[in-house]
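Breakdown of the fold
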Amino acid sequence: MEPKLVLLDLDGTLHERGKAVPGAAGAVVKLRRAGHTVRVFTNTDSQAEATLVARIRRSGIPVALGEVFTPVVAAKRILPPDARVLVLADRAVRDDLATHARLAGPAEATHVVIGDCRQSLSYQGLDAAFRAVRAGAELLAFQHGPYFRAADGDHLDTGAIVAAIEFAAGKTARILGKPSPDFLRLAARDTPGALWVVGDDRTTDILMANEAGATAVQVRTGKYTDQAQSDDLPQPTHTIDSVADLPALLALG
Ligand SMILES: [Mg+2]
């Protein structure tokens, strides 16, 4: 059997409600032992790369720095070395991007990056982002989700902030995270092997896997039950009960 590059979604696939899905850590170990390359991907745009890797490791899933792909990592890979970036995101992510690109104000920014800014959103910040985009800076969005779901209900997400800037400036943002197929291509860059994508969400994970020509595997955890009745959503190549069943599926394929 040929070694594959296996991209595993985090929330709803490896994790549920912040904890590892039973058998998830064992599945990662078995896949690696069988010779496959394993990477984790997530649209999380509120944490620096190293913080997120540490959180996943604490849940028992063995991943190293460089093996977890997020829109923040994507931004670090695509921003040119001479980029001057206005970042509308909370401090941890702003500091992470500052290790890679020079932060700038609205007058000199070449790029505007918008992410989770729950802790820091202000009129001044929104206005600076608007003015930079209006003056010609490229608008990049970590993700475009209108709202996210927490234990106490739904909350305003990054996509709503991005939409405000798009509306005011009359420009459309380039989306760095899911469901952009570029996100998968960047994550798979430099890694050989046929691409398998495993996730719980047909509107993002399965959609972009299909668009990128990858083998799409849906797990019956996470958002699976919310979407089970929707026949018009993208269809996966395979469906399994949970990520714990993935090593057996790959051994058959
Ligand atoms: Mg998910």
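Our structure's up above, just so we're on the same page.
Below you will find a few notes about this structure. (Residues numbered from 1 in each chain as written. Predicted model: local features only at pLDDT ≥ 70, side-chain atom pairs only at ≥ 80, totals over all residues.)

**With respect to the pairing of strand E11 (residues 153-156)**
In terms of strand pairing, strand E10 (residues 147-150) meets E11 through 4 bridges, oriented antiparallel. Note that in E11 the partner of arginine 149 across the bridge is aspartate 154. Between E10 and the antiparallel strand that follows it, E11, lie 2 residues. (Pairing = 2+ DSSP bridges. Helix = DSSP H or I, 4+ residues; strand = E, 2+ residues; numbered from the N terminus.)

**Comments concerning the sheet that holds strand E9 (residues 138-141)**
Strand order across the open sheet formed by 5 strands is E7-E6-E8-E9-E12, with parallel pairing between neighbours. If you trace the sheet from one side to the other, it starts and ends with strand E7 (102-103) and strand E12 (174-175), each paired once. Both strand E6 (residues 84-88) and E7 contribute to a ladder of 2 bridges, which runs parallel. Residue pairing in the sheet places arginine 84 in a bridge with arginine 102 of E7. Lying on the sheet, helix H5 (residues 123-134) is in contact with E6, strand E8 (111-114) and E9; it crosses E6 at an angle near 145 degrees. (Contact = placed C-beta atoms within 7 Å. Axes fitted to C-alpha atoms, helices over the stretch in contact; angles between N-to-C directions.)

**Things to note about unusual backbone geometry**
For the bond running from lysine 178 to proline 179, omega is 5 degrees, close enough to zero to count as cis. Mapped onto the elements, proline 179 comes out in the loop between E12 and helix H7 (181-188). One non-glycine residue, arginine 17, adopts positive backbone phi at about 50 degrees. As for its position among the elements, arginine 17 is in the loop between strand E2 (15-16) and strand E3 (19-20).

That is the geometry; function is a separate question.
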